[in-house]
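Topology and contacts: notes
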Amino acid sequence: MVRIIDFSFWLLKAAIAALLAGMVVLVFGNVVLRYAFNTGITYSEELSRMFFVWLTFLGAVVAMREHGHLGVDSLLRRLPPKGAKVAVLAGQALMLWATWLMISGSWTQTVINLHVSAPATGISMGVFYGAGLAFGVPALLLILADMIGVLTGRIDVTTAEFVKDSEDEVALEHQPEPSLVTSSVKH
């Protein structure tokens, strides 16, 4: 099961890369065509906007799985273990509620706009609003998995990192360890 989930998130990352590449090609190609040939791709702006929205929501799902969203857990670190557990569960309950609002709102907008076509591409605007569903459903499942982990004791709230304190901390995690270099001192 873990391999299937890992593969699914690998596919998400590949989709994000493809969307980013598509945005670059569309926008750069349109700029070159406008300045060099006084023409352009009519659907470039609209399609790149859809790509950006999908890229953002899919990236948020990946960041949620990796607990890469920024947050402040200084209060959580000062609480006793039982208090920290209650605080984590309360925070996750609020996240579930907000995610449910996102899912229900996205579903409503997707259904309403299913038969509305985008002006340049003719793509259903339901695809545009469906990005909220593509975020909401996996996010809801990830939050539920974390809640179950906390409730069953598989996740220890005193040692688990649910958020990153700063972007610097995230950047440091992705850098290799500096090697110990000895320098010779000349007298």
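Overview of the structure. All values derive from a computational prediction rather than experimental measurement.

Assigned secondary structure in the chain consists of six helices and zero strands. Pairs at least 24 residues apart make up 70% of the contacts formed inside the chain by residues separated by at least 6 positions.

Time to look at the environment of Gly83. Examined against the element boundaries, Gly83 turns out to sit in helix H4 (residues 81-112). The sequence separation of Gly83 and Val157 amounts to 74 residues, and the corresponding C-alpha distance is 9.8 Å.

Turning our attention to the side chain of Asn30. Structurally, Asn30 can be placed in helix H1 (residues 2-37). According to the relative accessible area criterion, Asn30 is buried, its value standing at 10%. In this structure the side chain of Asn30 is engaged in a polar contact, spanning 2.7 Å, whose partner is the backbone nitrogen of Ile41. Setting aside residues no more than four positions away along its own chain, Asn30 makes contact with Val25, Thr39, Gly40, Ile41 and Ser44.

Membership of the largest hydrophobic core comes to 23 residues, with the highest contact counts inside it found for Phe9, Leu12, Val61, Met64, Phe135, Val150 and Val157. Once residues within four sequence positions are removed from consideration, Phe9 is found in contact with Val61, Val62, Arg65 and Leu142. Residues Met50, Ala118, Phe128 and Ala131 belong to the second largest nonpolar core, which totals six residues.

Moving on to H4. Helix length check: H4, at 32 residues, gives a terminal C-alpha distance of 46 Å against a target of 46 Å (1.5 Å per residue), a fit within 8%. Buried residues in H4 make contact with helix H3 (74-78) and helix H5 (125-152).

Cut-offs and rules
Residues numbered from 1 in each chain as written. Predicted model: local features only at pLDDT ≥ 70, side-chain atom pairs only at ≥ 80, totals over all residues. Heavy atoms only, no water. Helix = DSSP H or I, 4+ residues; strand = E, 2+ residues; numbered from the N terminus. Contact = heavy atoms within 4.5 Å. Buried < 20%, exposed > 50% of the residue type's maximum accessible area, 1.4 Å probe, protein only. Polar contact = N/O pair within 3.5 Å; in protein donor to acceptor, adjacent residues only side chain to side chain. Core = buried A, V, L, I, M, F, W, Y, C linked by side-chain atoms within 4.5 Å. Expected span 1.5 Å × (residues − 1).

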